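Remarks on the overall topology
Each chain, written out:
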Amino acid sequence: MLLFLLRRIGVMLLTALCLTFVVFYLTNLPAKLETLAKTQAGSRISDAEVASWLERNGYARPMVVRYGEWLGVVPGWTRADAEGTVTGRCYRLAAVEGEAYVPERCGLLQGYWGNSTRFRAPVSDVITARLGATGMLMAWVLIVMVPMALVVGVMAGMREGSRTDRSLSTFAIASTATPEYVSGVFLIALLASSTVGLSPLLSSWGWIDGPVLFQGNARSAMEQITFWNFALPVMTIALYGMGYIARITRASMTEVMTQQYIRTARLKGVSFTNIVLRHALRNALIAPFTVIMLQIPWLLNGVVVVEVLFSYPGFGWTLFEAAVNNDIELLLAASVVAVVVVLLTQLISDVGYVWLNPRIRIS
Amino acid sequence: MTHKKRKATELHPAAQLYARECHEGKLSRREFLTRATALGVTAPAAYGLLGLAAPAARADTPQMGGSLRMQMDIKAQRDPRTWDWSELANVCRGWLEYLVSYERDGSIQPVLLESWEANEDATVFTLNVRPGVTWNNGDPFTSADVAHNIERWCDASVEGNSMAGRMSSISEDGALREGAIEIVDDLTLRLHLANPDIAIIANMSDYPAAVVHPSFTGDDPVANPIGTGPYRPVSHDTGIGAVIERNPDHTWWNEGNGAWLDRIEFVDLGTDPSAWVAAAEGGEIELTYQTTGDFVDIFAAIGMPESEAITAATLAVRFNQEQEPYTNRNVRRALQMAVDNAVVLELGYDGRGTEAENHHVCPLHPEYAELPPLTVDPAAAREMIEAEGLGDHEFELISIDDNWQAATCDTVAAQIRAAGINIRRTILPGATFWNDWLNYPFSSTEWNMRPLGVQVLNLAYRSGEAWNEAGFANEEFDRLLDQANGIADADERREVMAQLQQIMQDEGVLIQPYWRSLYRNLRPNVHGAEMHPTFEVRYHHYWKS
């Protein structure tokens, strides 16, 4: 078990290293650095000013060396100006963190995640704040999505080919076939517009006080989450993920329901409810469990669209902002977070497997 | 000193001349106000010259209190003189004030200056600092502070300091020229210009000209909010929003004439206007920063009528004359001739503006000269292109992915195509577009307005200027422009201006289809928040009922 965990962590580090190098390479292409200089020093500065900005801010060193700086294996750049004042990567980072001591190396290994050029704040602060916001969103998505998906899947799968199965399957396929950017816009038009959809009707009947039923923008959820401002983004993500999990659950459930031991149970007169809940459910949940865990990284993907659509500043929104503004260190940190999330959920799914199915051994 | 000092009460002779022209109908009232106030005539006096009473600023009595939520991009702050977006300035307007301000009616009003005077040939300007102004840290505001700021503006060694170009008549080798500023006493200073420059006061109303405290050194005016205004920042999160509240520890010099709101919240909702609509429907914003295209009507439909500002802002679909095939004047002229600006205005910008004449001087500008109408002749355009041997050449028109800018360029390209000339459209995302905006062979750039016509010509079309994206270099043009910069008299300057405009047209510098009207949508209970032609958000004059 311990060896398994160690191996997994090793894989995680290696993946993170490879991925961050790729991200670092792509964000440090000369054109990208020029974008960065222009977003930082003025969008209409000249080429000479770009070159001097890059030089003065340590971007002129070779790419591999700077990747080493970021990792913390190469000493950070320093530069003394005409008056003899020394600045450099580590000076700035230490100043931001409020530390008097300036280390020679200041990268990931020393615990420095760097500064976000877009938000002008330490990357670690930005990521923690934004991950917290996405955490809330994800939590509500899982709370809504998983029970709904399992109920739909089990209901559909317990009597294959029945009318319930057909209608629930149609619903599941439709919801999973609709991408977030379609369903989100559709939900806003249906529920959060004062000119089209349901809100004008409800408002003219006097059923709602304001002009709209739900809020089509989740910015106020930053301060306080309410049903009215959070329902639409949560539903948009949940609907997409739900259909998929429901389909897997259904497939797994129908398979279990054809097993010999289920027939035996029926023959000896166990009630249908009992068969489903006692005998079939646990075996049928093994496949969906892996899928749910796999779904979490997928959800992180989906939140980019949904958070931008509903202007909810979470992890996905941060990723979008960082990519658009070529915020190198923020993008690197975001990819590390993504790798950790993917591999961590895989780890949980492997361990959970053992619990659900004692025949499987890890080692 | 060569100039004759005039008393503050005495009117500039040119102002009286302008007033006469205005009476004779040679000058519109707006033009008159811009010009007269630029010469140091106060707005009430200027209205007086016309025999009019200055309009009452407000019909209703403003109410104190309340908080306002406004949609606006919140970008990472930096040193004010390097600001490249009006939004950066707007956040700080509550505490960083300006020496003078440009008003919706085209006049220039004193803010931290009480008045100013120019000598006869606009080479010496006397600035009188407003007495009784204090910084919010308690320091008095003096002429030394003004001198300090002007010196900062002249420092061209700071990357992206766009004020340096605006202060060229008092700077030398990228810094303030020795002896250009003379501090007379605590409340008076004099600027000695190397050459006549009528735009220098108007330039001080531009958004990067925010007046900072002498202790300001960093590049974040939010972290270090020492200013003269009545507000102070509470929070500022790039990409998310900013909160500003009335400063209870500071007595504002203009107490009783503003600072009605207790609190202003700027909400950054990204660039997609449909997200703004959704937020407005949910009651999360009460006014937009700027609304464009169809969204003006969409917002109006949900109970947020629009406020319009007529401006000299435009989209310059310019050729870069340093790049093939646009080095050839005939090619540029031919492409211009294929495009009917009226159609571009109608299809590209929903007719929300006025037609322009390819020379980047607006009828709003005081010195605008009327030229004969442009000829549109697609058949001749095609012939000219063929005569240059470019019949099979595929031209490429590049634009940013912004809604109205892309639509305008699509219309321009469609008309060129209709003339039988091959053209391809390329749309670049904002993140990459600005990387090379100066060097695209044929592309479009958004230009905000400047109060005087010479100002944009100085910035964008003088040889070798940093923002000369057309690569335009014409000795005669530069010479005439220098001449125009020093002519205080209206008709005289218009004569030179007519030549400048003619050169612009003859050389085929750009296709400049229209002058934009700008819009903002706001709830009916928000007052004093009309759209401003230069995008200013003076929230210290907004109030709610």
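Residues numbered from 1 in each chain as written. Chains lettered and ligands numbered in written order. Predicted model: local features only at pLDDT ≥ 70, side-chain atom pairs only at ≥ 80, totals over all residues. Heavy atoms only, no water.

The name an unreviewed UniProt entry gives chain B is ABC transporter substrate-binding protein, with Rhabdonatronobacter sediminivivens as the organism. Within the UniProt record for chain B, the comment given under Subcellular location (unreviewed entry) is "Periplasm". (UniProt positions renumbered as here; feature names shortened; annotations may be inferred.)

As recorded by an unreviewed UniProt entry, chain A carries the name ABC transporter permease and is attributed to Rhabdonatronobacter sediminivivens. Per UniProt, the comment on chain A under Sequence similarities (unreviewed entry) is "Belongs to the binding-protein-dependent transport system permease family." According to its UniProt record, chain A has this under Subcellular location (unreviewed entry): "Cell membrane".

1. A look at the UniProt feature "domain: Solute-binding protein family" (unreviewed entry) in chain B
The residues that UniProt annotates with the feature "domain: Solute-binding protein family" (unreviewed entry) are residues 108-450 of chain B. Here residues 108-450 of chain B is 24% helix and 24% strand, with 12 Å between the C-alpha atoms at its ends. (Helix = DSSP H or I, 4+ residues; strand = E, 2+ residues; numbered from the N terminus.)

2. Section: the packing of aromatic side chains
Summed over all chains, the structure comprises 26 aromatic pairs over all chains. An angle of 65 degrees between the planes, with centres 5.3 Å apart, marks the rings of Phe24(A) and Tyr67(A) as edge-to-face. Highlighted residues: Phe24(A) in helix H1 (residues 2-27) and Tyr67(A) in helix H4 (residues 63-71), separated in sequence by 43 residues. Tyr67(A) matches Phe24(A) in its accessibility class, with the two residues each being buried. With a centroid separation of 5.5 Å and 50 degrees between ring planes, the pair formed by Tyr326(B) and Phe442(B) is classed as tilted. Of this pair, Tyr326(B) sits in the loop between strand E13 (306-319) and helix H10 (329-337) while Phe442(B) sits in strand E17 (residues 442-447), and the two are 116 residues apart along the sequence. We classify Phe442(B) as buried; its relative accessible area is 0%. An aromatic cluster is present here, built from Phe433(B), Trp434(B), Trp437(B), Tyr440(B), Trp447(B) and Trp467(B) joined pairwise through their rings. Sitting over the ring of Trp85(B), Lys75(B) keeps its end group 4.3 Å from the ring centre. (Phe/Tyr/Trp six-rings, centres within 6.5 Å; stacked < 30°, edge-to-face > 60°. Buried < 20%, exposed > 50% of the residue type's maximum accessible area, 1.4 Å probe, protein only. Lys NZ or Arg CZ within 6 Å of the ring centre and 35° of its normal.)

3. Some thoughts on the sheet that holds strand E4 (residues 113-118) of chain B
All names here are of chain B. If you walk across this open sheet you meet the four strands as E4-E5-E9-E8, and the pairing is antiparallel. Every other strand in the sheet has two partners, leaving E4 and strand E8 (181-185) as the edge strands with one partner each. Ignoring strand direction, the axes of neighbouring strands in this sheet form an average angle of 20 degrees. As defined by bridge partners, E4 adjoins strand E5 (residues 124-129) across five bridges and the pair is classed as antiparallel. Across the sheet, Ser115 pairs through a bridge with Asn128, a residue of E5. In the packing of helix H5 (residues 143-154) onto the sheet, the strands contacted are E5, E8 and strand E9 (188-192), and the crossing angle to E8 comes to about 170 degrees. (Pairing = 2+ DSSP bridges. Axes fitted to C-alpha atoms, helices over the stretch in contact; angles between N-to-C directions. Contact = heavy atoms within 4.5 Å.)

4. Quick look at the pairing of E13(B)
All names here are of chain B. Counted residue by residue, E13 has 11 buried out of 14 residues, so it is predominantly covered. As defined by bridge partners, E13 adjoins strand E19 (residues 514-521) across seven bridges and the pair is classed as antiparallel. Considered in E19, the bridge of Ser307 is made with Arg520. Two elements, E13 and E17, share six bridges in a ladder whose sense is antiparallel. Each bridged residue has a counterpart across the sheet, and for Ala316 the counterpart in E17 is Thr445. Pairing geometry for E13 and strand E18 (residues 510-511), over two bridges, is antiparallel. If you follow Val317 over to E18, its bridge partner there is Ile511.

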